[in-house]
Amino acid sequence: MDRFKICFLAAILSLIQLGFAFYLPGSYPHKYEVGDYLNVKVNSLTSIETEMPFSYYSLPFCQPPEGIKDSAENLGELLMGDRIENSPYRFKMFKNESEIFLCQTEKLSGDGFKLLKKRIDEMYQVNPMLDNLPAIRYTKKDGYVLRWTGYPVGIKVQDVYYVFNHLKFKVLVHKYEEAANVARVMGTGDAAEVIPTMGKDKDSDVPGYMVVGFEVVPCSFAHNGDSTKKLKMYERYTTPIKCDSTSVSMSVKEGQSIVFSYEVSFEESDIKWPSRWDAYLKMEGSKVHWFSILNSLMVITFLAGIVLVIFLRTVRRDLTRYEELDKEAQAQMNEELSGWKLVVGDVFRAPSNPSLLCVMVGDGVQILGMAVVTILFAALGFMSPASRGTLITGMLFFYMILGIAAGYVAVRLWRTIGCGEHRGWMSVAWKAACFFPGIAFLILTTLNFLLWGSHSTGAIPFSLFVILILLWFCISVPLTLIGGYFGAKAPHIEFPVRTNQIPREIPAQKYPSWLLVLGAGTLPFGTLFIELFFIMSSIWMGRVYYVFGFLFVVMILLVVVCAEVSLVLTYMHLCVEDYKWWWKSFFASGSVAIYIFIYSINYLVFDLKSLSGPVSATLYLGYSLFMVLAIMLATGTVGFLSSFWFVHYLFSSVKLD
């Protein structure tokens, strides 16, 4: 019950704080005086081979003397599988220490030995953190310096398993600057620090330092077990410890204990507080991002030229000729007409499954709005990776708020298709509130059972499941119904032409129209696939993605391409007297999701080929399916709304008796 209360409080605070607080890298530095204790925390163990996080203390590591304590977690961290806990590693500000004995574990049991070997085989990483900065590790390969966050649990060399039991920490510090203070507070997984800016602090004259860097070098060192039996935690080891990252010596054996130790050095750095995340966020491959945008612009220009031709040459010319004729000539011309002008009495005929179309368009507006607002806020710096979980929390918050838009669009479109009919709007609003969240809930519940069975920290706790359901039915659903109410009260969009009672027969087509619709998704995919690689690497390879400025531009370009593609396809179908454009306009741009899913499978086979086990592959495909469904609804909505506007504009220019 206490766990439920803590999770519920974290969820509410996470959503409330988005309304009034924000965090930019460097917002609230913590001043440490010389000799102050610095406590290292640890996040979940992670691996790119399994994609399943596990608790740090699931392996035989040293435990802190005060016991294991969870840090404050927001809703986004819980959904991401982060479990931040305290650790026994502690330093004193600006005091170098070496050969510090930490603990000697109990003798490894058979099960403990097998689990440790399994985690080493699966390349699990330990993720320590200091002052909210993840530990960074530098390695050299082929003359290049590579950056990694965290360090491996161990390594296997010639069928022998070695564990990294000695850590060499380096803490980069910068002199405390009073001007860096900002009177804002926001939880980032650690306890929030209140930094006053009005007046002088009573200790402002005492020299202090800020943590601006945290590096780690893992070593495997064979300690003398007999000499450590009488040592207590944090006492000095009796003999010097040589930390050589290029060699290993502490092998892991069943029935043998492991001795852990560490050393720490402090170094004053020129790195200032606002720049301390640069080492993590350093954007690589910026030329590739620019190439992605240039590629998108080329596709847009090509499609814009086609649209321009349709509007200026074809549509305008036909309308001008049609309007200049007298009634008798028009009647005679109607007998000779072909193409879109012949379907004038059927073009606004209600589609099959109109309520489903309205629900999908409404949910698409909600997802698209959430994505645009979230990425815009992230691009402006309001959702820094330093504020763990804020991006996920923000997405959930904006999604719930935009339920009003989903209900409004779905119900108003329903009334438009029904020519102003009010009946059934409540049912449409309910379906819009439950369609996408229901499918997402089904997928995530299935995947969560797999994570529960694996005892992974990535599994959403049952208490959090209850909270998500409460947020869904107590906030999202009512807001969607309110939006539906306003949609029912708003005037429906009147069709410019009357619909005939008897539907017109569609001529036989030379090729299946759906084939063209599915093929149209290649153009939006062409604008997205380069940026998609960086996003997938961020999600599945543990790389930091913070080029939201590029992502926002690419997203806007994607919206433009989807609108143009759907518009062109709709015009082509009308020209061959196919007036069933409603669903085809939706899937013309929404079919990009099919190619993204195919790309996801390709990424799994060629880039995540080390992914081990059917559970990991199922998790990957399940999350990919969830992502693809959201993309299909968002892009399909863009295509449908642009086509609806085009068809309405086109036939409103035709004069009929």
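Residues numbered from 1 in each chain as written. Predicted model: local features only at pLDDT ≥ 70, side-chain atom pairs only at ≥ 80, totals over all residues. Heavy atoms only, no water.

Before going further, it helps to examine a nonpolar patch on the surface. A contiguous nonpolar surface patch, about 430 Å² in accessible area, is contributed by M426, W430, F441, I469 and F473. Going through the elements one at a time, helix 10 (425–453) and helix 11 (462–489) are the ones with two or more residues in the nonpolar patch. It is helix 10 that provides the largest number of residues to the nonpolar patch, a total of three residues. Residue position: M426 is located in helix 10. (Patch = residues over 30% accessible without salt bridge, like charges linked within 9 Å, V, L, I, M, F, W, Y side chains within 5 Å. Areas by Shrake-Rupley, 256 points an atom, 1.4 Å probe, with all protein chains shown as cover. Salt bridge = Lys/Arg side-chain N within 4 Å of Asp/Glu carboxyl O. Helix = DSSP H or I, 4+ residues; strand = E, 2+ residues; numbered from the N terminus.)

Take the pairing of strand 14 (residues 259–268) next. Strand 14 sits mainly inside the fold: seven of its ten residues count as buried. Where strand 4 (residues 97–104) and strand 14 come together, five bridges link them in antiparallel fashion. Residue pairing in the sheet places C103 in a bridge with F260 of strand 14. In the sheet, strand 12 (residues 166–175) pairs with strand 14 via eight bridges, with the strands oriented parallel. Residue pairing across strands places L167 opposite Y262, the latter belonging to strand 14. (Buried < 20%, exposed > 50% of the residue type's maximum accessible area, 1.4 Å probe, protein only. Pairing = 2+ DSSP bridges.)

On to the state of the cysteines, then. Using the criterion set out here, one finds two disulfides in the structure. Each sulfur of the disulfide joining C62 and C103 lies 1.8 Å from the other. The sign of the -85° torsion about the S-S bond sets the C62-C103 disulfide as left-handed. Taken together, the positions of C62 in the loop between strand 2 (37–46) and helix 2 (75–80) and C103 in strand 4 put the pair 41 residues apart, joining distant regions of the chain. When its relative accessible area of 14% is taken as the criterion, C103 is described as buried. Residue pairing for C219: its cysteine sulfur links by disulfide to C243, the two sulfurs lying 1.7 Å apart. One quick way to see it: the torsion about the S-S bond of C219 and C243 is about 60°, and its sign makes the bridge right-handed. Remark: C243 occurs in the loop between strand 13 (208–219) and strand 14 and C219 occurs in strand 13; sequence separation between them is 24 residues. (Disulfide = S-S within 2.5 Å.)

In this section: the pattern of salt bridges. Tallying each qualifying case throughout the model produces ten salt bridges. Put simply, K584 and D578 hold a salt bridge, and the shortest N to O gap is 2.4 Å. Judged by relative accessible area, which is 9%, K584 ranks as buried. Residue D578 is classed as buried on the basis of its relative accessible area of 3%. One salt-bridge network, held together by shared partners, links K170, E215 and E267.

Counting residues in hydrophobic clusters, the biggest one holds 89 residues, and the most contacted among them are V347, W582, F640 and F651. With 15 residues, the single largest contributor to this core is helix 14 (residues 548–575). Excluding residues within four positions of it along the chain, F651 makes contact with W340, V343, V344, V347, F348, P496, V497 and L574. Grouped together as the second largest cluster of nonpolar side chains are 54 residues, Y32, Y56, L116 and I258 included. (Core = buried A, V, L, I, M, F, W, Y, C linked by side-chain atoms within 4.5 Å. Contact = heavy atoms within 4.5 Å.)

This model, assessed by the stated rule, comprises 47 aromatic pairs. Plain terms: the ring middles of F449 and W452 are 5.5 Å apart, the flat faces sit at 70° to each other, and that makes the pair edge-to-face. Of this pair, F449 and W452 both sit in helix 10, three residues apart, which is roughly one turn of the helix. Overall, the relative accessible area of 33% leaves W452 in the partly exposed class. Centre to centre, the rings of F586 and F587 are 5.3 Å apart; their planes meet at 80°, and the pair counts as edge-to-face. On the basis of relative accessibility, which here comes to 0%, the residue F586 falls in the buried class. Members of the aromatic cluster, each reached through a chain of ring pairs, are F348, F495, W581, W582, F640, F644 and F651. (Phe/Tyr/Trp six-rings, centres within 6.5 Å; stacked < 30°, edge-to-face > 60°.)

Once that is clear, we can look at the packing of helix 7 (residues 354–379) against helix 17 (residues 614–652). Interhelical geometry of helix 7 versus helix 17 gives an angle of 105° and a closest axis separation of 8 Å. When the interaxial angle is binned, helix 7 and helix 17 end up roughly perpendicular. Residues L357, M360, V361, D363, G364, V365, I367 and L368 of helix 7 touch helix 17, and the partners they reach there are A630, M632, L633, A634, T637, V638, F640 and L641. When its residues are assigned to classes, the contact of helix 7 with helix 17 shows 13 nonpolar, two polar and one charged. (Axes fitted to C-alpha atoms, helices over the stretch in contact; angles between N-to-C directions. Parallel < 35°, antiparallel > 145°, perpendicular 65-115°, else oblique. Nonpolar A, V, L, I, M, F, W, Y, C, P; charged D, E, K, R; others polar.)

Taken N-terminus to C-terminus, the directions of helix 7 and helix 14 make an angle of 150°; their axes are 8 Å apart at the nearest point. In terms of their interaxial angle, helix 7 and helix 14 are classed as roughly antiparallel. Read as a crossing pair, helix 7 and helix 14 show a hand that is left-handed. For the pair helix 7 and helix 14, contact is made by L368, A371, V372, I375, L376, A378 and A379 and by F548, G549, L551, F552, M555 and V559, respectively. (Left-handed = near helix turned anticlockwise from the far one by under 90°.)

The next point concerns the environment of R415. Turning to its location among the elements, R415 is positioned in helix 9 (residues 403–417). In this view, R415 contacts G420, E421, H422, G487, A488, A490, P491 and H492; residues no more than four positions away in its chain are not counted. Of the polar contacts made by the side chain of R415, one reaches the backbone oxygen of A488; its length is 3.2 Å. A polar contact of 2.4 Å, which involves the side chain of R415, links it to the backbone oxygen of A490. (Polar contact = N/O pair within 3.5 Å; in protein donor to acceptor, adjacent residues only side chain to side chain.)

The next subject is the side chain of S71. Examined against the element boundaries, S71 turns out to sit in the loop between strand 2 and helix 2. A polar atom in the side chain of S71 sits 3.1 Å from the side chain of K41.

Mean pLDDT over the protein chain works out to 83, with 82% of the residues at or above the 70 mark. Per-element averaging of pLDDT across the protein chain places helix 1 (residues 2–20) at the bottom with 44 and helix 9 at the top with 96. Low confidence marks residues 1–26, where pLDDT is under 50. Its contacts with residues over four positions away, or in another chain, come to 55 contacts. Residue range residues 179–202 is modelled with pLDDT below 50. Its contacts to residues more than four positions away, or to other chains, number 58 contacts. (pLDDT = per-residue confidence, 0-100.)

Our focus in this paragraph is unusual backbone geometry. Positive phi, close to 60°, is recorded for E51, a residue that is not glycine. Residue placement: E51 occurs in the loop between strand 2 and helix 2. The exposure class of E51 is buried, given its relative accessible area of 19%. One non-glycine residue, M123, lies in the positive phi region at around 60°. Looking at where M123 falls in the secondary structure, it is placed in the loop between helix 3 (110–121) and strand 5 (125–130).

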